[in-house]
Amino acid sequence: MGWKISSLDFVLGSVKRRSHRSSGANSATLLAPSLIFIQTIHPLVHLCNIRYSKDGKGVIALSTLKISKPLQPIYFIYGTEAYLIQTTKKNIIQLALGADDDQAFDLAVYNMEEQPIELAIEDANTLPFMAEKRVVVIDNAFFLTGDTKKRKVEQNIESLSAYIQEPSPDTVMIIVAPYEKLDRRKKVVKQLEKQSKVFEFTTINDQMLYQILKEEAENNGAEYTHEAHEKLLAVSGTNTSI
């Protein structure tokens with residue numbers, strides 16, 4: 001029998017998940033150390049890329065976010081949902097390099113607020129040491145937006161543009177822009193949207209979150225009710241970063 005999620009009781013940082021057999025005769029309670037219901041059902045490895053449909057009617061289309069091999073040379077992740085961004089990035093890294101203990105030699109992370117992009121590009125053109133692929137993460141890619149604020153480091157965007165044209169076959173590059181809007185007039189943004197695997201994570205509203213949780217529950221043999229959803233929203237709202 002599947003789980004029916006009809007109530008969520010938050011006690012000491014844990015979620016009580018109540019299950020009822022269809023006969024109603026028996027019940028059981030499962031404790032999980034998480035405040036977010038979706039984490040009691042499934043780790044956020046198969047989350048959703050949220051987009052409004054192009055018909056202009058506001059219908060929400062959900063496409064399952066699954067990272068699979070063969071890995072793409074470049075992944076471009078942007079939007080304001082920090083938890084979804086971090087989870088997707090972690091999923092790509094783990095698929096490329098394996099467990100955390102195996103990542104030390106072939107993972108490099110560069111913060112564009114403080115480091116020049118040339119260092120990341122140079123690293124991306126370096127052969128992997130232990131793994132089949134090298135992973136280079138470019139965080140806080142502010143230069144993909146319209147932000148004109150002066151930074152410590154002046155970024156040479158042409159070097160990134162050249163790399164996108166001819167990425168290393170031995171490297172997986174992950175470019176992260178945790179911002180609401182991109183400047184799509186820029187050449188490099190057009191390149192990324194055309195020549196990389198793009199994940200867009202925009203703000204999740206109540207209806208979107210309900211659909212995600214309902215889909216994840218069904219995929220794991222459970223039923224997620226409106227009653228459970230209202231109780232979850234009362235605690236966390238639609239904030240996936242909690």
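Novice: For this particular structure, what's the right way to read the side chain of Glu 200?
Specialist: Within the secondary structure, Glu 200 sits in strand E11 (residues 197-201). At a separation of 3.4 Å, a polar atom in the side chain of Glu 200 contacts the side chain of Tyr 78.

Novice: Explanation requested: the environment of Lys 181 in the structure shown.
Specialist: Following the sequence through the fold, Lys 181 ends up in the loop between strand E10 (171-177) and helix H5 (187-195). We classify Lys 181 as exposed; its relative accessible area is 63%. Taking the C-alpha atoms as reference, Lys 181 lies 9.4 Å from Thr 202; in sequence the two are 21 residues apart.

Novice: What exactly am I supposed to notice about H5 here?
Specialist: Every α-helix winds through 3.6 residues per turn, so residues three or four apart in the chain are directed the same way. All of the buried residues along H5 are Val 188, Val 189, Gln 191 and Leu 192. Summarising the axial view, the buried residues of H5 lie within an arc of 160°, below the 170-degree limit, and thus occupy one face. More than 90 degrees from the buried face of H5, the exposed residues found are Lys 187 and Lys 194. In this structure, the buried side of H5 is in contact with strand E7 (74-79), helix H4 (157-165), E10 and E11.

Novice: When you look at the sheet that holds strand E8 (residues 107-111) in this model, what are you seeing that I'm missing?
Specialist: Within a beta sheet, neighbouring strands are joined by backbone hydrogen bonds and run either parallel or antiparallel to one another. A sheet is described by the order of its strands in space; here five strands give the open sequence E8-E9-E10-E7-E11, paired in parallel fashion. Each of the sheet's edge strands pairs with one partner strand only, and the pair in question is E8 and E11. Taking each pair of neighbouring strands and ignoring which way they run, the sheet shows an average axis angle of 15°. The pairing of E7 with E10 spans five bridges and is classified as parallel. Within E10, the position partnered with Phe 76 by the bridge is Ile 175. Together, E7, strand E9 (134-139) and E10 form the strand contacts of H4, whose direction differs from that of E10 by roughly 135°.

Novice: Explain the nonpolar core to me, please; I cannot follow it from the model alone.
Specialist: A general feature of soluble globular proteins is that nonpolar side chains tend to end up buried together. With 29 residues, the main nonpolar core has Ile 92, Val 135 and Ile 174 as its most contacted residues. Residues in contact with Ile 174, not counting those within four places in the same chain, are Tyr 75, Ile 77, Lys 89, Ile 92, Ile 93, Val 135, Val 136, Val 137 and Ile 138. Listed in part, the 27 residues of the second largest apolar core include Phe 142, Leu 144, Leu 160 and Val 198.

The rules behind these values
- Residues numbered from 1 in each chain as written.
- Predicted model: local features only at pLDDT ≥ 70, side-chain atom pairs only at ≥ 80, totals over all residues.
- Heavy atoms only, no water.
- Helix = DSSP H or I, 4+ residues; strand = E, 2+ residues; numbered from the N terminus.
- Polar contact = N/O pair within 3.5 Å; in protein donor to acceptor, adjacent residues only side chain to side chain.
- Buried < 20%, exposed > 50% of the residue type's maximum accessible area, 1.4 Å probe, protein only.
- Arc of directions from axis to C-beta.
- Contact = heavy atoms within 4.5 Å.
- Pairing = 2+ DSSP bridges.
- Axes fitted to C-alpha atoms, helices over the stretch in contact; angles between N-to-C directions.
- Core = buried A, V, L, I, M, F, W, Y, C linked by side-chain atoms within 4.5 Å.

These results come straight from atomic positions and should not be treated as a statement about function.
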